[in-house]
Amino acid sequence: MSQWSGLDGVPATRVDAAVLEPWCSAAEVRARVSAAAAAGCAGVRLHSGMLPQVGEWPAGLRRGVVCGFPTGRSHVLVKAAEARFAVDQGAHDVAVVLDAGAVAAGDVNAVLSEVVALRGAVAAPAQLTVVLETGLHAAGKLSDDVFDALVGAIAAGGADAVATATGWSPWGVGGPEQIRRITAAAPGLGVIAVVDGGAGATGIAGAGAGAASGGDAAAGDAAVPPAADLVAAGAHAVQLTLGE
């Protein structure tokens, strides 16, 4: 029987479970991956260095990783090398954090250049997901026009999907409005809505559902929309952070 106990009415088959606390031991990583598989989740997202720690991967569970996490401020060639390594290790979905400074500045050309370089490192059939801090738009730090242009650049650069947050931003994880804008600006782009595991999630038994990994108190204080609202707005999947 599934251990999934509900996420605002969103079935486990549309959930990626994220294990991103850097202090997790190899045994804890394996336990959380096993719990997500038993719950029927679609996939698990890890730091790239955690992939080899899992050992035998549960059948049918999508392997996702993050690269350049959480700030995206590493050089793009470093992030591209990490992404290529993850694919070589068997990752199905590589989520690379865009340069947070370029995004906050609304530098569309820098974002386009970065995505093109990342696409070169993550060859199909592996999925290239880029992480865009949509909370910047929700907080009024990015105008509608700039936000839409950034999304357009991500699509033009060849990305397959956008994840809406790292969970570490002081501006929160965005919401339905940002998802609707993404789908309008780039209809063919997948959307993974990042959900604060401590807000409305009842979690996965045996793994916990702690708050989204975050460093700034402001991120934890930001209101997180119900996951069902994010899916209704156009998200193809939601990402839930597994805590202790």
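Everything below is about the structure shown above.
These figures come from a predicted structure and were not determined experimentally. (Residues numbered from 1 in each chain as written. Predicted model: local features only at pLDDT ≥ 70, side-chain atom pairs only at ≥ 80, totals over all residues. Heavy atoms only, no water.)

Draft legend 1. How the structure looks around the pairing of strand β2 (residues 43-47). Most of β2 sits inside the fold, with five of its five residues counted as buried. Inspection of the sheet shows strand β1 (residues 15-19) paired to β2 by four bridges, in the parallel sense. Each residue of the ladder has a partner; that of Val 19, found in β2, is Leu 46. Considered for its hand, the β-α-β crossover made up of β1, helix α1 (residues 26-39) and β2 is right-handed. By the bridge criterion, five bridges tie β2 to strand β3 (residues 62-67) in an arrangement that is parallel. Following the sheet pairing, His 47 is matched in β3 by Val 66. (Buried < 20%, exposed > 50% of the residue type's maximum accessible area, 1.4 Å probe, protein only. Helix = DSSP H or I, 4+ residues; strand = E, 2+ residues; numbered from the N terminus. Pairing = 2+ DSSP bridges. Right-handed = clockwise from strand over helix to strand, strands pointing away.)

Draft legend 2. Representation of helix α8 (residues 176-185) within the structure. Taken together, the buried positions of α8 are occupied by Pro 176, Gln 178, Ile 179 and Ile 182. Angular distribution of buried residues about the axis of α8 spans 160°; they occupy a single face of the element. Buried residues along α8 sit against α6 (135-138), α7 (144-156), β6 (161-163), β7 (190-195) and α10 (227-232). (Arc of directions from axis to C-beta. Contact = heavy atoms within 4.5 Å.)

Draft legend 3. Here's a closer look at the pattern of salt bridges. Throughout the structure, instances matching the rule amount to eight salt bridges. Notably, a salt bridge pairs Asp 16 with Arg 45, separated by 4.0 Å at the nearest N-O pair. Of the two residues, Asp 16 is situated in strand β1 and Arg 45 in strand β2; the sequence distance between them amounts to 29 residues. Relative accessible area serves as the criterion here: at 7%, Asp 16 is assigned to the buried category. The closest approach of N and O atoms between Arg 181 and Asp 148, which form a salt bridge, is 2.6 Å. Within this pair, whereas Arg 181 is found in helix α8, its partner Asp 148 is found in helix α7, the two being separated by 33 residues in sequence. Arg 181 sits in the partly exposed class, given a relative accessible area of 22%. Salt bridges sharing partners connect three or more residues here, namely Asp 16, Arg 45 and Asp 93. (Salt bridge = Lys/Arg side-chain N within 4 Å of Asp/Glu carboxyl O.)

Draft legend 4. Spatial organisation of the nonpolar core. In this structure, Val 44, Leu 46, Val 94 and Ile 154 are the most contacted members of the largest nonpolar core, which totals 60 residues. The greatest single-element share of this core, amounting to five residues, is contributed by α7. For Leu 46, the contacting residues outside a window of four places in its chain are Val 19, Leu 20, Val 29, Val 33, Leu 51, Val 54, Trp 57, Gly 64, Val 65 and Val 66. Formed by twelve residues, the second largest nonpolar core is a distinct cluster that contains Ala 18, Phe 69, Ala 165 and Val 194. (Core = buried A, V, L, I, M, F, W, Y, C linked by side-chain atoms within 4.5 Å.)

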